[in-house]
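Given next are the chains, with one letter for each unit.
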Amino acid sequence: MQPSFRAVVLPAALLLVLPAAVPGDDPPLRGFTTAGAKIEREWETKFRAVPEPARMREAMRRLSLRPHHVGSPYDKDNAEWLRAQYASYGFDATIERYDVLFPTPITRVLELVSPTRFTAKLEEPALKEDPTSDQKNEQLPTYNAYSADGDVTAPLVYVNYGIPADYETLERNGISVKGAIVIARYGGSWRGIKPKVAYEHGAVGALIYSDPRDDGFGAGETYPAGPFRPKDGVQRGSVLDMPTYPGDPLTPDIGAVPGAKRLDRKDAITIMKLPVMPISYADAQPLLAALTGPLAPSSWRGGLPITYRLGPGAARVHLKLAFDWSLKPLYDVIAKLPGSTFPNEWVIRGNHHDGWVNGAEDPISGQVAEMEEARALGELVKQGWKPKRTIIYAAWDGEEPALLGSTEWVEQHQEELRQKGVFYLNTDSNGRGMFGVEGSHSLERFANEVARDIIDPETNASVAARQRASRVVDGNKEARTRSDLRIGALGSGSDFTPFLQHAGVPTLNVGFGGEDDGGIYHSIYDSFYWYTHFSDTSFVYGRALAQAAGTMMMRVADADVLPEEFGNLSETARGYIGELKVLRDSTARAIEELNRELSEGAFALVNDPRRPTMAPKGSAPAPVLNFAPLDNASIALDTAAARFEKAYGSLPAGAPSAASLAQVNTLIRQSDQVLLLPDGLPRRPWYRHSLYAPGYYTGYGVKTMPGVREAIEQKDWKLAEAEIGRIAAALLRESDLVTRAAALLEQATSAKPIP
Ligand SMILES: [Zn+2]
């Protein structure tokens, strides 16, 4: 999977006026005493000189040479090679194995049976330009993992992106998908939402295709002439219901080790309940062209040279899918550098190593940066550097099917993570362009500080300066004045999810993107050839990523006081509360409006039998919600954050001993843990974070303060009221923790400096 760092590209003219980063002009380093900061900066400068683009290129060639999905011979080969590489850098490297349910296809049939006949090809042809595209014997066929087995013949209905709002449009046009096979285009949501919503509406099968308007010739020249999706290219991918829980569907909450208690497959609620398959636009076109019925609304029409219609009609489709449901092995590579002062505090870095096929971009572009970081840290150790905290570099297996490797590891080491987890830093696919950061808002200032120290290879400005200029060009007024650039909140779509949203480890996800558009995602064309022709072709952004991520790792591992800051967190939470109030009011107004129209008979004419359009249903008026508990908790957190920051500011002068700061650090590293909800989110207790979760109906897309936000969206006002109380309690726990940390810091910094 890949992060969505898709920023607007900055005009070259503006880049000329960016201030160049000035080495040596160092502001105080957050988390360090004056003396400590000087030493830290010296080591970091040495570190950033080590990563080499040529090594990343060679490692990508090696790791993407053959298909390496879960259970394949080359997946295991890569894991063993990675373990040996990390060991050669001086890490204590091991492989942790888990056995998980990962279905692979046995039978795939898709045909149009009336009014004409057409059999879908379901194959991506090899290209002579791309040397790894012809490894058919080792490639996973095009399919959606965790689709149900099935053999269905039914009328076809076009459902646009297949999100809940699209079904409202269908309903207004008098079209039901009950007993039908739906065809949805990719986009508008995470793919797994499409079959989930289709099933909820009574469909018996689902097809997902890549429309060329969004993903193909409508976006640009197609592969191999250009980077975009060719007509036979297919986006594989998982449809496991990960917004309910990710990881092995048979072992929720526990590591899938040998002998672990496993659910029966029929009781695993995250497995999709209908057959679903992804197809190319070449295979989709004859199916869509056979549809009759009403014209699709203009916003539903794609880039194919056909008239887009909704169906149903004479078009009937036969879909037959069968899978091998055996357990497959996972190989997580775990490499440790022991901490010299706090060996029981873990600073963790991860990127997955499995791909859908050759996976040069996703995930190897991130994995090769991670390797160069680890190699560089090993070089520093040889020169005498000792990280204070234990550093763990992980190469996860099985991310593509369901965040399998990271989730099983987090579930297996849950108790240890609660005691020892300090920071988790994730990357996945890397491209070129803007530096993107998402994660815990208590780390927003820290992320900004590091971004000022990393040079953008194209502009020679810092990546922070480039990011700021890009936002100003975008019309973001705040970017001119706010000293910290805002970081995004995390939904899902990569291995950060179990760390942040299940275990409460403070987390960031970083990467470069915006100038690397293409259409090879999850296809056989995500290859070394594609990457080295169309993305970060000289690996200079790979080096910048290694420099940024490695600097973050060193700075957290060595900090006297962990770098969290709570003013930005508090401000962000206040912003979310404001959004919830607006959402409640706009939802209430929409209900009022519709009820008024219904009472005035505005839909009286729609029950015309010649045009069977159904009238929408009214609902009860929205009650007033009491947001006071959230407002009060937010004020408390503001006060605590200000007191903490004041005490933190006296750190450089105070120079307290490490021992006196240990208690402060113990509190700070729990700052996301106390934001976890004891019983988790409604309907999906695996997700525990009160501020961040993937949307139940958006998939990867984040819902902030999800308990309240989704209750309002579902018009479940009683639940919304209860969730306000639970999030307010979490914010109060946070403000209590920050207050206690501030008091300890005041004590520590007012004590006499240790000579
Ligand atoms: Zn990925």
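1. Some remarks on the overall build of the chain
Point 1. The number of helices and strands found in the chain is 23 helices and 20 strands.
Point 2. Radius of gyration (C-alpha) of the chain: 26 Å, near the 27 Å computed for a compact globule of 755 residues.
Point 3. Along the first, second and third principal axes, the C-alpha set of the chain runs to 90 × 65 × 60 Å.
Point 4. Out of the 755 residues belonging to the chain, those deemed buried represent 60%.
Point 5. For the chain, the share of sequence-separated contacts (at least 6 apart) that also reach a separation of at least 24 residues comes to 81%.
Point 6. Of the roughly 27200 Å² that the chain leaves accessible, carbon and sulfur atoms contribute 55%.
Point 7. Side chains of the chain carry 82 positive and 95 negative charges; the gap between the two charge centres is 2 Å.

2. Topic: the domain arrangement of the chain
Point 1. What the domain assignment reports for the chain is domain 1 (12-100 + 331-558), domain 2 (104-324) and domain 3 (567-750).
Point 2. Put simply, the middle of domain 1 and the middle of domain 3, counted by C-alpha atoms, are 28 Å apart.
Point 3. The interface of domain 1 with domain 3 comprises 40 residues on the first partner and 31 residues on the second.
Point 4. Both faces considered, domain 1 and domain 3 share a buried interface measuring about 2900 Å² in area, 50% of it formed by carbon and sulfur atoms.

3. Digging into the side chain of N426
Point 1. Note that N426 resides in strand β14 (residues 421-426).
Point 2. For N426, the side chain forms a polar contact with the side chain of S494, separated by 3.1 Å.
Point 3. Non-local contacts of N426, meaning those with residues more than four positions away in its chain, are made with R349, G350, S494, D495, F496, L508, N509 and V510.

4. Quick notes on the confidence of the model for the chain
Interpreting fine coordinate detail is not advised for predicted regions of low pLDDT.
Point 1. For the chain, per-residue confidence averages 93 on the pLDDT scale, and residues scoring 70 or more make up 93% of the total.
Point 2. Segment residues 3-25: pLDDT under 50, and 47 contacts once partners within four positions in sequence are set aside and those in other chains are kept.

5. A few points about the sheet that holds strand β16 (residues 507-514)
Point 1. Strand order in the open sheet formed by seven strands is β1-β11-β13-β12-β14-β16-β15, with mixed pairing between adjacent strands. Of all the strands in the sheet, the pair left with one neighbour each is β1 (92-101) and β15 (433-439). Along the sheet, successive strands turn relative to each other by an average axial angle of 20°, direction set aside.
Point 2. Most of the contacts of helix α10 (residues 404-412) go to strand β11 (residues 327-337), to which it runs at about 65°, and overall it touches β1, β11, β12 (342-352) and β13 (389-396).

6. Focus: the packing of helix α3 (residues 53-63) against helix α8 (residues 360-382)
Point 1. For the pair α3 and α8, interaxial distance at closest approach is 9 Å and the crossing angle is 130°. Regarding the angle of α3 to α8, the classification is oblique. Note that α3 runs across α8; the crossing there is right-handed. Across the interface between the two elements, R55, M56, A59, M60 and L63 from α3 touch A360, I364, S365, Q367, V368, A369, M371, E372 and R375 from α8.
Point 2. Of the residues that constitute the contact of α3 with α8, the class distribution is nine nonpolar, two polar and three charged.

7. Focus: the environment of A395
Point 1. Along the chain, the position of A395 falls in strand β13.
Point 2. Along the backbone, A395 and L82 are 313 residues apart, and their C-alpha atoms lie at a distance of 7.9 Å.
Point 3. The residues touching A395, leaving out its near neighbours within four places in the chain, are L82, Y331, D332, V333, N351, H353 and Q367.

Rules and cut-offs
The residue count restarts for each chain, going from 1 along the sequence in the order it is written. Where totals are concerned, whole chains, interfaces and linings use all residues; where local detail is concerned, this predicted model gives features only for residues with pLDDT of at least 70, and gives and counts side-chain atom pairs only at 80 or more. Side-chain descriptors were evaluated using all non-hydrogen atoms of the structure, hydrogens and water having been removed beforehand. Labels follow the DSSP assignment, with helices taken as runs of H or I lasting at least four residues and strands as runs of E lasting at least two, numbered in each case from the N terminus. Radius of gyration: over C-alpha atoms. The globule rule applied is 2.2 Å multiplied by the number of residues raised to the 0.38 power. Per-residue accessibility, obtained with a 1.4 Å probe over protein chains only, is compared with the maximum for each type, and a residue is labelled buried under 20%, exposed over 50%, and partly exposed between these values. Any pair of residues with heavy atoms lying within 4.5 Å of one another is described as a contacting pair. The protein chains shown are the only cover counted for residues, whose accessible areas, like all others here, come from Shrake-Rupley with a 1.4 Å probe. Note that His is not counted, nor are the chain ends; the positive residues are Lys and Arg, and the negative ones are Asp and Glu. Charge placement uses NZ in Lys and CZ in Arg. For Asp and Glu, CG and CD serve respectively. Delimitation of the domains relies on an automatic or database domain assignment. As a working definition, buried area equals the accessible area (1.4 Å probe) given up by two parts on being put together, with both sides summed. Any pair of N or O atoms that falls within 3.5 Å is considered a polar contact. Within protein, one atom must be able to donate a hydrogen and the other to accept it, and sequence-neighbouring residues count only if both atoms are side-chain atoms. The predictor rates its confidence in each residue with pLDDT, a number between 0 and 100. Pairing between strands is defined by DSSP: at least two bridges between them are needed. The axes are straight lines fitted to the C-alpha atoms, using for helices just the contacting stretch, and the angles between their N-to-C directions are given from 0 to 180°. Convention used here: angles under 35 degrees read as roughly parallel, angles over 145 as roughly antiparallel, angles from 65 to 115 as roughly perpendicular, and any remaining angle as oblique. Crossing handedness is defined as follows: a turn of the near helix away from the far one that is anticlockwise and smaller than a right angle gives a left-handed crossing, while the clockwise case is right-handed. When residues are grouped by polarity, Ala, Val, Leu, Ile, Met, Phe, Trp, Tyr, Cys and Pro land in nonpolar, Asp, Glu, Lys and Arg in charged, and all others, Gly among them, in polar.

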